[in-house]
Amino acid sequence: LISRTYDITYDANGGTNAPAVQKKYWKENTTLSTKIPTKNSYLFNGWNTEEDGSGDDYFPGDTYSENEALYLYAQWTPIKYTVAYNGNGSTSGSMLAQTFTYGKSYNLAANGFVKSNYHFAGWNTKADGSGTSYADKQSVKNLASTHGAKITLYAQWVKSTYTICFHANGGIGSMAD
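Rules used in this analysis
Residues numbered from 1 in each chain as written. Predicted model: local features only at pLDDT ≥ 70, side-chain atom pairs only at ≥ 80, totals over all residues. Heavy atoms only, no water. Helix = DSSP H or I, 4+ residues; strand = E, 2+ residues; numbered from the N terminus. Buried < 20%, exposed > 50% of the residue type's maximum accessible area, 1.4 Å probe, protein only. Contact = heavy atoms within 4.5 Å. Areas by Shrake-Rupley, 256 points an atom, 1.4 Å probe, with all protein chains shown as cover. Lys, Arg positive; Asp, Glu negative; His and termini not counted. Charge placed at Lys NZ, Arg CZ, Asp CG, Glu CD. Pairing = 2+ DSSP bridges. Core = buried A, V, L, I, M, F, W, Y, C linked by side-chain atoms within 4.5 Å.

Next up on the list: the overall build of the protein. Scanning the protein from terminus to terminus reveals 0 helices and 16 strands. Expressed along its principal axes, the backbone C-alpha trace of the protein runs to roughly 120 × 25 × 25 Å. Relative to its 177 residues, the protein shows a buried fraction of 29%. When contacts within the protein are restricted to residue pairs at least 6 apart in sequence, those whose partners lie at least 24 apart make up 60%. Working note: accessible area of the protein is about 11200 Å², and carbon and sulfur atoms make up 47% of it. Averaging the positions of the 14 positive and the 14 negative side-chain charges in the protein gives two centres separated by 9 Å.

In this structure, strand β1 (residues 5-11) lies alongside strand β7 (residues 70-78), joined through 4 bridges in parallel fashion. Residue pairing for β7: Thr 9 is matched across the bridge by Tyr 71. In this structure, strand β4 (residues 42-48) lies alongside β7, joined through 5 bridges in antiparallel fashion. Bridge assignment links Leu 43 to a residue of β7, and that residue is Thr 77.

Turning next to the environment of Val 158. On the secondary structure map, Val 158 appears in strand β16 (residues 150-159). Those residues in contact with Val 158 that lie beyond four places of it in its chain are Tyr 118, His 119 and Ala 121.

Regular strands show a simple pattern: their side chains alternate between the two faces of the sheet. Here strand β8 (residues 80-86) runs beside strand β10 (residues 98-101); their pairing, made up of 4 bridges, is antiparallel. Bridged to Thr 82 within β10 is Thr 99. Strand direction decides the pairing type here: β8 and β16, joined by 5 bridges, are parallel. Note on β16: the bridge partner recorded for Ala 84 is Thr 152.

Glancing now at the nonpolar core. Grouped together as the largest cluster of nonpolar side chains are 18 residues, with contacts concentrated most on Tyr 81, Val 83, Tyr 85, Leu 108, Trp 123 and Leu 153. When contributions to this core are tallied by element, the ones reaching two or more residues are β8 and β16. Per-element accounting of this core gives the leading share, 4 residues, to β16. When residues no more than four places from it in sequence are discounted, the contact partners of Val 83 are Ala 97, Gln 98, Phe 100, Leu 108, Leu 143, Ile 151 and Leu 153. Counting 10 residues, the second largest nonpolar core, distinct from the first, contains Tyr 10, Tyr 58, Ala 74 and Trp 76.

Turning to the sheet that holds β8, a few remarks are in order. Read from one edge of the open sheet, 5 strands run β10-β8-β16-β13-β14, paired in mixed fashion. Every other strand in the sheet has two partners, leaving β10 and β14 (133-134) as the edge strands with one partner each.

This next bit is on unusual backbone geometry. The backbone of Asn 13 shows a phi angle near 50°, a positive value even though the residue is not glycine. Classification of Asn 13 as buried rests on a relative accessible area of 15%. Of note in this structure, Asn 88 is not a glycine but carries a positive phi near 50°.

Rendered as structure tokens:
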């Protein structure tokens, strides 16, 4: 008696740790591997018979009953993360958070905060300004690599200073002191 077998091959499609090749025996059902591959900054979204996802979908643990070889490509979805804005001592104003997708560039929102007697000097990942700095409306990309991460940017403020000049308007004397 000759046993017919078919290979079920998993391709991580740019990721790593794809399951090993499985054997499917003729006229027997096979449970697809439940091992999940990984790809930095992407979520695994199942398997597909085409690299670009245009074929048939399969998922870990599905039953495969066809009597033919199967080649599966991992499908990936870029992670999403949130950028929130903190007024960091502002006296008025507010800003909505933005949702960004890994791999794409976005402009930070324009500052909507005000702090009396201060002027806005940009954003920083630390309230005290010791982290990474960003300009207002700066284009940014990949601020986080974990799905659902929340990045908080803190407004940075510089005390407003004023120079007052006096003109004697024909008078004499000095206002140096």
